[in-house]
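Chain by chain, the residues run as shown.
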Amino acid sequence: LQLADQALYMAKETGRARVVLSDQLTSGALKRKIRVAIVDDDVIIRTMLAESVKNFLEEKLDVDLMAFRDGLAFLEDTWYRDNVKSGNRYLLILDGMMPRMDGLEVLQRIRASHRSDQFLVVMLTGRKSEQDIVRALRLGADDYITKPFSINVLEARIKRLIQRKM
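Scope of this entry: the structure provided in the associated data block. In this text the structure is predicted, and so the values were computed from the model without any measurement.

Criteria and cut-off values
- Residues numbered from 1 in each chain as written.
- Predicted model: local features only at pLDDT ≥ 70, side-chain atom pairs only at ≥ 80, totals over all residues.
- Heavy atoms only, no water.
- Buried < 20%, exposed > 50% of the residue type's maximum accessible area, 1.4 Å probe, protein only.
- Helix = DSSP H or I, 4+ residues; strand = E, 2+ residues; numbered from the N terminus.
- Pairing = 2+ DSSP bridges.
- Right-handed = clockwise from strand over helix to strand, strands pointing away.
- Contact = heavy atoms within 4.5 Å.

Here we come to the pairing of strand β3 (residues 90-94). Of all five residues in β3, five are buried; the element is thus mostly enclosed. Burial of the side chains of β3 extends over both faces: Y90, L92 and L94 are buried on one face and L91 and I93 on the other. Relative to β3, strand β1 (residues 32-39) is paired through five bridges, and the arrangement is parallel. The residue bridging A37 from the neighbouring strand is L92, located in β3. Bridge count for β3 against strand β4 (residues 119-125) is five bridges, and the pairing is parallel. Looking across to β4, one finds that I93 is bridged to V122. In terms of handedness, the path from β3 via helix α6 (residues 103-112) over to β4 forms a crossover that is right-handed.

Attention now moves to the environment of L61. As for its placement among the helices and strands, L61 is situated in strand β2 (residues 61-68). Along the chain, L61 and K33 lie 28 residues apart, while their C-alpha atoms are 5.8 Å from each other. Leave out the neighbours within four places in its chain, and L61 touches K31, R32, I34 and I162.

That is the geometry; function is a separate question.
This is the structure:
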């Protein structure tokens, strides 16, 4: 039943009016698409996250990944603006503290939009105060991880989120 359900959703995500067989899912012939945005002002963290996240998600998903230097660059980019209308699913990894527009502001805008349900949002930030964590969770963050962080922990949490919510 689970495979049939996944095949139904895959058919919807890949164009509707089509048939997807469950063996296509298990063979890896057909993967669900996810757009991943990494928004962090530190170029080293952006690069490291981009490589790691793409590697561990590509096992089961068709990954379209972009990295952005701050929240405003993400929100203004056509990669986000033009594709959010298409119903694509997004994993958004946000730094909390950035110039021009920080992660909490981006989170607030995403959750205020009419397409909020398309986004899984992970805050990955140096903000460690209880007040910041509570604020992010109340604004709709799906998870909150503080820096410094472990790639293995990040991988486990992202995979769990995707399995539960996508």
